[in-house]
Amino acid sequence: MEVPKDQIAILLEHGLYNSAQMLGCFLVSSPATNAESLPHLKTESLVLLGDSFFREREYRRAIHTYKQALQYYKMIPKQNLTSSRSSLSSNRSSSPNSCNGLVINENEVKFKIASCHCFLNENKAALVEMEGIPSKARNLPMNLLLGKLYRISRHSRAAVAIYKECLRHCPYVLEAITALAELGSTAKDIISLFPQTLNRSGRAPFDHTDSSRWLQRYVEAQCCMASNDYKGGLELFADLLQRFPNNIHLLLEMAKVEAIIGKNEEAIMNFEKARSIDPYIITYMDEYAMLLKLQSDYPKLNKLVHDLLNIDPARPEVFVALSVLWERKDEKKALQYAEQSIRIDERHIPGYIMKGHLLLAMKRAEAAVSAFRAAQELRPDIRSYQGLVHTYLALSKIKEALYASREAMKAMPQSAKALKLVGDVHASNSGGREKAKKFYESALRLEPGYLGAALALAELHVIEGRNGDAVSLLERYLKDWADDSLHVKLAQVFAATNMLQEALSHYQAALRLNPQNEAAKRGLERLEKQMKGVDPDAPEEDEDNDVEDADGDQDETELL
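Residues numbered from 1 in each chain as written. Predicted model: local features only at pLDDT ≥ 70, side-chain atom pairs only at ≥ 80, totals over all residues. Heavy atoms only, no water.

1. Brief notes about the overall build of the chain
- Helices and strands together make up the secondary structure of the chain, namely 31 helices and zero strands.
- Sequence separation of at least 24 residues holds for 52% of the intrachain contacts in the chain that already meet a minimum separation of 6.
- In the form shown here, the chain has an accessible surface area of approximately 27,900 Å², with 50% of it arising from carbon and sulfur atoms. (Helix = DSSP H or I, 4+ residues; strand = E, 2+ residues; numbered from the N terminus. Contact = heavy atoms within 4.5 Å. Areas by Shrake-Rupley, 256 points an atom, 1.4 Å probe, with all protein chains shown as cover.)

Right, here's the structure in full:
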């Protein structure tokens, strides 16, 4: 042969993809690979050229070339195929540069085509290719991709069956464990899939002894997360972290959960610990960016985004972090970044959460509902419920808000935040304040340190003229919390009772903790006018919204 085929394989193996691509062009155009007389050589040459395109991320060219190869593959006489398959069966691999046998593996080429479609976000086309591979011919990477595609297309039963097959083949495929947990499988069901057959040494490959117990704990932790039992999941992850200190994956999982449930300080600490071990991680860094914004730590947020852009500017987490950074400066640009994150990965939940918050801030509440619903369909955590409830309240759709809050309470019966959500809906109208008070108090009994419920209850006390109760409640929390919002609320209460010096002290304390706190800035400006004897314009009161919710009273009483 004029152009040695094995040399292209060597170039691919050594990562010299551009050289392989150029040499491949000579190979496929060589008269020695005549399609009519030697279709098998033409087929192999095209697959090698396709592999070079794949590795250079030229996915359209790779798909086109692989499909050409499959066309020539059909021209190979059947007797040639039969004689070559025995040599292929002993050396099968799913990597895009694995065609070193006499004839290509048709199923692996289809897998490569499907992989290209996935990189191009063409999931339907990818699924068509994968479904063309017989189940008995699929290996582990093929099953993982097929499970992902079924999940994206919302074929949950088919996805569960495929992920189970992955774990029967290898119990250590952690992404299959997480997927099954999120699709509703119990820990017992997942663990029962782990293989029990004896290997040559006479021992089971997965023997459920102490050496493998960590994997069972990991399964239990993921199932807790999927069922919104965040407390149980955190305890299991913390237990695993003791056994595997400085495990970046566990630190990130814990930080993500802590961010969701509002343990912001702990989440930031774990995110920063993970970054100190590996400064180039991108996973969940958009969650970290949101926390930094909540803390108004813009220098750190700015540096984080700069670092992420230098690591990999094409990841969805980077675009969410950009959206978080730009929210304060340009909401439209921030929204574009959030939407870009979703275009890159249509299952990226933080992208939808960020998009929903931005749309709500831009007074586009109906569109915000769609964004929060999309997040909820992917995984219903407390943030998607909070977004829905607050958006429905902004639209004055009280019944819808009440339904969404009760849905959250039923999904997360041990969540103080879910109880507070129901309270927020009742507090939105004068007739529901007594119910709201009960829900806030229940939330504080369940989680005494939940500052959000304390602030909401204090606000209720103020509205009903119980300023003394509000002050005593907030001052109890002041002993343990250095929080700017707590100082702002106390300042507002003192200002309402004409205790202007105390109000001034708390506004100043809030701004020392967070110089970017807009409520503190506005409150201080208003207070200074009062102290000068100028009557500032009173803030507009929200109109009361009456709620007819008798149908849900019995459900709420049972859940409380």
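After presenting the structure, the write-up continues.
2. A few points about unusual backbone geometry
- Its identity is not glycine, yet Tyr284 carries a phi of approximately 65°, on the positive side.
- Residue position: Tyr284 is located in the loop between helix H15 (264-277) and helix H16 (285-294).
- Residue class for Tyr284 comes out buried when judged on its relative accessible area of 19%.
- Not every positive phi belongs to a glycine, and Ser396 is a case in point at roughly 60°.
- Tracing the backbone through its elements, the reader meets Ser396 in the loop between helix H22 (382-394) and helix H23 (398-411). (Buried < 20%, exposed > 50% of the residue type's maximum accessible area, 1.4 Å probe, protein only.)

3. Here's the deal with helix H29 (residues 500-513)
- The terminal C-alpha atoms of H29 lie 20 Å apart, and with 14 residues this matches the ideal 20 Å at 1.5 Å per residue to within 8%.
- Of all the residues in H29, the buried ones are Leu500, Ala503, Leu504, His506, Tyr507, Ala509, Ala510 and Leu511.
- Tucked inside the fold, the buried residues of H29 contact helix H27 (467-478), helix H28 (484-496) and helix H30 (518-531). (Expected span 1.5 Å × (residues − 1).)

4. A closer look at the confidence of the model for the chain
- Averaged over the chain, the pLDDT score is 84; the fraction of residues at 70 or greater is 85%.
- Of all secondary-structure elements in the chain, the lowest mean pLDDT belongs to helix H5 (residues 78-89), at 50, while helix H18 (residues 316-326) reaches the highest, 95.
- Here residues 83-102 is a poorly scored stretch, pLDDT under 50, and it has 40 contacts once near neighbours within four places are set aside; other chains count.
- Note on residues 538-547: pLDDT under 50 across the span, and 14 contacts to partners over four residues away in sequence or across chains. (pLDDT = per-residue confidence, 0-100.)

5. Quick look at the environment of Arg60
- Following the sequence through the fold, Arg60 ends up in helix H4 (residues 59-73).
- Sequence spacing of Arg60 and Ile113 is 53 residues, and the spatial spacing of their C-alpha atoms is 9.4 Å.
- Ignoring any residue separated from it by four or fewer positions in sequence, one finds Arg60 in contact with Leu120 and Glu122.
- Of the polar contacts made by the side chain of Arg60, one reaches the side chain of Glu122; its length is 2.5 Å. (Polar contact = N/O pair within 3.5 Å; in protein donor to acceptor, adjacent residues only side chain to side chain.)

6. What to know about the packing of H27 against H28
- One way to put it is that H27 packs onto H28 with a least axis distance of 10 Å and a crossing angle of 155°. Of the possible angle classes, the one that applies to H27 and H28 is roughly antiparallel. Where H27 crosses over H28, the handedness of that crossing is left-handed. Contacts between H27 and H28 involve Asn467, Ala470, Val471, Leu474, Glu475, Tyr477 and Leu478 on the former and, on the latter, Leu486, His487, Lys489, Leu490, Val493 and Phe494.
- Its residues assigned to classes, the contact of H27 with H28 comprises nine nonpolar, two polar and two charged. (Axes fitted to C-alpha atoms, helices over the stretch in contact; angles between N-to-C directions. Parallel < 35°, antiparallel > 145°, perpendicular 65-115°, else oblique. Left-handed = near helix turned anticlockwise from the far one by under 90°. Nonpolar A, V, L, I, M, F, W, Y, C, P; charged D, E, K, R; others polar.)

7. A look at the nonpolar core
- Formed by 150 residues in total, the largest nonpolar core has its most connected members in Met130, Leu167 and Ile190.
- Ranked by residues supplied to this core, first place goes to helix H14 (residues 248-261) with nine residues.
- The residues touching Leu167, leaving out its near neighbours within four places in the chain, are Val173, Ala176, Ile177, Leu180, Ile190, Leu193, Phe194 and Pro195.
- Counting residues in each nonpolar core, the second largest holds 18 residues, with Leu49, Phe53, Tyr66 and Ala69 among its members. (Core = buried A, V, L, I, M, F, W, Y, C linked by side-chain atoms within 4.5 Å.)

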